[in-house]
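Examination of the molecular architecture
What follows is the residue order along each chain.
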Amino acid sequence: MDIFVQQIINGLVLGSIYALVALGYTMVYGIMGLINFAHGEVVMIGAMVAITVIKLLADSGLPGVVIVLIGLFAAAVACMAVGFTIERVAYRPLRKAPKLAPLITAIGVSIVLQNVAMLVWGRNYHSFPPILPTSQHEILGATITSLQVAIVLIAALTMAGLMLLVHRTRLGRAMRATSENPAIAQLMGVDIDRIISLTFVIGSALAALAGLMVSANYSIAHYYMGFILGLKAFTAAVLGGIGNLAGAMLGGILLGLIESLGAGYIGDLTGGFLGSHYQDVFAFFVLICVLVFRPSGLVGEKVAERA
Amino acid sequence: MSIRPLLEARAIAKYFGGVKALHDVSLTIAEGEIYGLIGPNGAGKTTFFNVLTGLYRPDGGELIFAGDKLQASAPHKAARRGIARTFQNIRLFGNMSAMENVMVGRHVRTRAGVLGAVLHNRKTVAEEAAIRRRAEELLHYVDIADRADDLAKHLSYGDQRRLEIARALATDPKLLALDEPAAGMNGAETGELRLLIEGIRKDGVTVLLIEHDVKLVMGLCDHVAVLDYGQKICEDVPAVVQKDPRVIEAYLGGELA
Amino acid sequence: MNAPTRPIFFDALRRNKSTAIAATVALGIVLAALPFLIGSHLGNSWLRILDFALLYIMLALGLNIVVGFAGLLDLGYIAFYAVGAYLYALLASPHFGLHLPVWLIIPAGAALSGIFGVLLGAPTLRLRGDYLAIVTLGFGEIVRIFLNNLNAPINITNGPQGISGIDPIRLGGVTLAKPIDFLGITVPSLHAYYYLFLALALLIVFITIRLENSRIGRAWVAIREDEIAAKACGIDTRNIKLLAFAMGASFGGVAGGLFAGFQAFVSPESFSLMESVMVLCMVVLGGMGNIPGVILGGVLLTLLPEIFRHGAGPVQQAIFGKVLLDPEALRMLLFGLALIVVMLYRPAGLWPSTTRRREFRGDAA
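Analysis parameters
Residues numbered from 1 in each chain as written. Chains lettered and ligands numbered in written order. Predicted model: local features only at pLDDT ≥ 70, side-chain atom pairs only at ≥ 80, totals over all residues. Contact = placed C-beta atoms within 7 Å. Helix = DSSP H or I, 4+ residues; strand = E, 2+ residues; numbered from the N terminus. Buried ≥ 20, exposed ≤ 12 C-beta atoms within 10 Å, placed from the backbone. Expected span 1.5 Å × (residues − 1). Core = buried A, V, L, I, M, F, W, Y, C linked by C-beta atoms within 7 Å. Domains from an automatic or database assignment. Nonpolar A, V, L, I, M, F, W, Y, C, P; charged D, E, K, R; others polar. Axes fitted to C-alpha atoms, helices over the stretch in contact; angles between N-to-C directions. Parallel < 35°, antiparallel > 145°, perpendicular 65-115°, else oblique. Left-handed = near helix turned anticlockwise from the far one by under 90°. pLDDT = per-residue confidence, 0-100.

Now for the arrangement of the chains. Take the two pairs of chains in contact: the one carrying the most contacts is chains A and C. Without any contact between them, chain A and chain B keep their closest C-alpha atoms 13 Å apart.

Next comes the structure, spelled out in C-alpha cells:
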C-alpha cells in the first residue's frame, strides 16, 4: 500500500511539471494550430539558466529561497526572450506557408537551442546546489519532501492564475477570440500578432518555472533534457485534448500518475516479463489508445481540425 | 420514357441531435429522367445527397438502387454501384491538373494494382491509355479540353463546376447527383449548363438535381420533389408542383410566382 | 501529353530523345565513377558517407510516398528501418547462430516492415494531420524502447549493446566486406556497397516514378488533396492509405537490411526519433512529393552535417589558432540554422514539383 501512495505522490509531482509544460504546447496549438516542437528546449534553457544563476549565488549568504527566486526570475526572462524570438524568426514568416514548413523550422530551432546550450554549458550534467531547506513528511506510510509539496502547490497556483488570466481579463478574451477565429478576431480589432507573441511569452515563462522545478526535483540539468520532457508534455497535451487548457493540466497530471504507477507495477502485471524501464512506453501507449478511441482527447470537444 | 425505377428511397430519416434533418422521405427516381429536388435553405436536400452517396448513415429507411439495397455509409461503394455526385462547395483536387482530376474519376472502373503499375504489363499500359483517352473525351464533353493541363484550382468558377461534372461522369454513373450546379453562375452560363445536363440525360445517365434556381429546375426536370423542414411535402411533374399551395407557402409565395 | 506533376527535367528529356540518351549516359558514367573519384580525392570516410547518402535516399523516397504523395504525416518512419535492420541482424549473425542469405532476408525485411506499416496504419488512419503525426511518433518510440529492453528475460535484441558481428552482404558467394576482383579491376568493399546501394536506390526511384504515374499514385494524391471527394470518386481511401503505409515502410525495411549488413552492427541508438525527423526533413526540405527534390534532400542532409563536421574544427583552427567551440555542437548548430533558413526562403522545399511551384505562384498572385 505504501508503494501505491508513494507512486501517487511521485506521479503528482511529475504530473504537475508535465502540466506546466503541456500548457505551453496547448496554448500555441490553440492559437496557431502549430506544434511548437522547440518548446521542450525552452524548458531546458530555463533549467540551465536557473541552475547557473543559483550556483553563482549559492555562496552569497542570501537565504536559499531568495536565491531560487532570483534564479527563477533570470530563467523566466531568458525563456521569454527565447520564446519571443522563436516566434518572430521561425514561425511568423511562415504563417501562410504549407503546414509542414513551420514544423521543419521548429525542428531546426530545437536543434539550434540544444546545441547552443551544449556550447554554453558543455556536455556535462549540472547539479542543483543544496540550498533549499528540506524536510520529509510521512503520509500514509509514504514520504513526501517539502520541495515536492512546494512543486505541486506552486504549479497549482500558477495554473489557477493562468485560468484567471485567460477567462477573466481582456487579454484572455483576445486570446480566446484569436484561437476561435484569427481572421474575425482581427476584424474585431484584436492585434493578433501581439496576442501570438504574448502567448509564446507566457508559455515560455511557464516553461522556465517547469525547468526550475525539474532541475530542483531531480537535482540535475543537462543540455539534452528538454527533448524527452517536451515529448512527454506534448503527449500530455494531446491526451487532455490539445488546444484546451484544462485538458493540458488534466493530461499532465494523468500522464504523471500513469507513468509512475505503471513503472511501479509493470513487473507485477507482466509476471516480471517487462521491467520498470518500460516506463516510457506507457506514455506513448496511453497516447495511442486515447487518440484511436477518443481522438479529441479527454476534455477536448472541438476537434482540432483546421482548414 | 422508361418507368423502371432506378432509385427508390424508402422512409429515409436522418437526425442530428434533436434536429430532424430528414424525416420519412420517400421518393422514386425513374431511369433516364431528370429529377429535381428543391426546397428552402436547410430543408435537408444536401443531407439527402450525403445519405444517398454514403457519406452519412441514415437513422431509418433504406435505399434501393437498380434493384438492390445500397449499403449505408460507404461512399466508395456507392460510387462503384453507379452513383456519382458533385458538391455544393466544389471539391476538386486543387493541385492536380484538370486532366488528372478526371483520371482519378476512372479509378473505380479500373483495376491496375501496384505490380501492374510497376511492371507496366500490357494490360496496365492499355488500361492507362484508355483512362487517358476517356478523360480527354470527357474534358471535350464538358468543353474544357483547352484547360486540360491547368491545375484545377486555377480554373474559373464555371470551369471548375464543369470539371467536377466531368470527374463524376468518369466513374460511369447510372445516377449523377448534382448539388446546386448553377450556384453562382450568370444567365449565359446557366443556359450552357442546362444544355450540358440535357446532353448527359440523352446519353443515358439519370440525373438528380438539387437547385435553387427554380426556373432551371422547372424547365429541365421531369419530376420534382420539394423538401421542407426535412419532410417531403410534394412530388410531381413541375407544372403541378408549381401550383401546389404547400410549396408556395414553403417558399413564401415569392420565388415560384 | 505530359502530366504536369512530372518534373520539367524529365519532360525535357522526353521531348528530345538524343539529349535524353546523352544525359543518361553522362549520368551513368558520373555515378559509376563517383566512388573512385571520391575514394582517391577525399578518402574512405567520404565513401562511407556516400554509401549512407544512398541509404537515406531510399528512406526519403519511402517516406515521400506516405507524406509527399498521400499527405499522411509520419514521424515514426525510422521504426520500419529498424525492423529491416534488426531482422537482418537476427537472421544473419552469431547472436542466434543463424546465417541466412541476403536474397532471402532483404525481401523478408521489406515484407515484415510492410506488415508493420499496415499494423500501424489500420487503427490510426482515421486520425488526421497532427494527431497522426503524434501517434506515429509514439509508435516509433515504442519500437525503439522495445529494442532497447527486449534482452530480458529472453534475450532477443541484446538491449542497448546492440547486435554485432553481423554477416556482411554476400552476392553469389562473394562477400562485399572484402575487395573484389572484377575483370581485373580490384573493387574495394566500400565501392562494392556503393554499387549495390545505387542499384537498389535506382530500383526504388523507378518503382516510385511508376507508382506516381499510375492509378494508385493518383489515388494517393487525390486523398491528400480532398479525402471526401476521393471517396466520392470511388476510392477506397482506407485501403489506398494502408497501401501507402505499406509501400513506404517496405522501402524503409530494405534500407534497414542493407544498413545492418553494411555496418555489421545495429543498436537502438541508430533508430531514435531524431532519425525520423531527419528523414522527414529530407522530404520536406527537398520538395515534398517531387522525386528529384526528395533525392536532393537526402543527399544534402546527409552531406551537410558531415561537411560541417569536417569544417567546424579546422576552420576555427585557421581563424582563431585554436578550437574554441565544440565542433560537434557547432556542426549541429549550423545544421539547425540551415534548416530554418531554407524553410524561410523556400517553404515548398528546394526543388518542389512543378505543381507545387505553380501553387505558390498562384498564392502570391
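Turning our eyes to something else, we now look at unusual backbone geometry. Excluding glycine, residues mostly carry a negative phi; peptide bonds, for their part, are mostly trans. Here the phi dihedral of Asp24 of chain B falls at roughly 55°; this positive angle occurs in a residue that is not glycine. Inspection of the secondary structure assignment puts Asp24 of chain B in strand β2 (residues 19–30). On the basis of neighbour counts, which here come to 14 C-beta atoms within 10 Å, the residue Asp24 of chain B falls in the partly exposed class. Even without glycine at this site, Asn158 of chain C takes up a positive phi of about 65°. Mapped onto the elements of the fold, Asn158 of chain C is located in the loop between α6 (129–149) and β3 (163–164). Take Asn158 of chain C: there are 20 C-beta atoms within 10 Å of it, and that puts it in the buried class.

Residues and elements named next belong to chain C. Counted at 1.5 Å a residue, the expected span for helix α11 (residues 273–287) with its 15 residues is 21 Å, and the 21 Å between its end C-alpha atoms agrees. The element α11 is largely enclosed, with a buried count of 13 among its 15 residues. Phi turns positive one or two residues past the end of α11, at Gly289, with a value near 80°.

Let's shift gears to the nonpolar core. Membership of the largest hydrophobic core comes to 307 residues, with the highest contact counts inside it found for Ala19 and Cys79 of chain A together with Met58, Ala244, Val279 and Cys281 of chain C. With 17 residues, helix α1 (residues 2–32) of chain A is the largest single contributor of residues to this core. Looking at this core, you find at least three residues from each of domain 1 (1–82 + 173–257) and domain 2 (93–172) of chain B. Residues contacting Met58 of chain C, with those up to four places away along its chain left out, are Leu200, Ala201, Ile204, Phe251, Val254 and Ala255 of chain C.

Moving on to the interface of chain B and chain C. Facing the 33 residues of chain B at the interface are 29 residues of chain C. For the side of chain B that touches chain C, the secondary-structure elements that each account for two or more residues are α2 (75–81), α3 (98–105) and α4 (114–119) of chain B. Tallied by class, residues from the side of chain B that touches chain C come to 15 nonpolar, eleven polar and seven charged.

For the rest of this paragraph, the subject is the packing of helix α3 (residues 44–69) of chain C against helix α7 (residues 189–212) of chain C. All names here are of chain C. Put simply, α3 and α7 touch, their axes get as near as 10 Å, and they point 15° apart. By the angle class used here, α3 and α7 are roughly parallel. Read as a crossing pair, α3 and α7 show a hand that is left-handed. Two secondary-structure elements touch here, α3 through Asn44, Leu47, Arg48, Leu50, Asp51, Leu54, Leu55, Ile57, Met58, Leu61, Ile65 and Phe69 and α7 through Leu190, Tyr193, Tyr194, Phe197, Leu198, Leu200, Ala201, Ile204, Val205, Thr208 and Glu212. In terms of residue class, the contact of α3 with α7 is made up of 18 nonpolar, two polar and three charged.

Our next topic: the environment of Ala219 of chain C. Counting through the fold element by element, Ala219 of chain C comes out in helix α8 (residues 215–225). A C-alpha to C-alpha distance of 13 Å links Ala219 of chain C and Leu72 of chain C, two positions 147 residues apart in sequence.

On to the confidence of the model for chain C. All names here are of chain C. Averaged over every residue, the pLDDT of chain C is 87; the share at 70 or more is 92%. When mean pLDDT is compared element by element in chain C, helix α4 (residues 78–91) scores highest at 97, while helix α14 (residues 354–364) scores lowest at 45. Residue range residues 1–6 is modelled with pLDDT below 50. Its contacts to residues more than four positions away, or to other chains, number 13 contacts. ipTM for the predicted complex: 0.93, alongside a pTM of 0.87.

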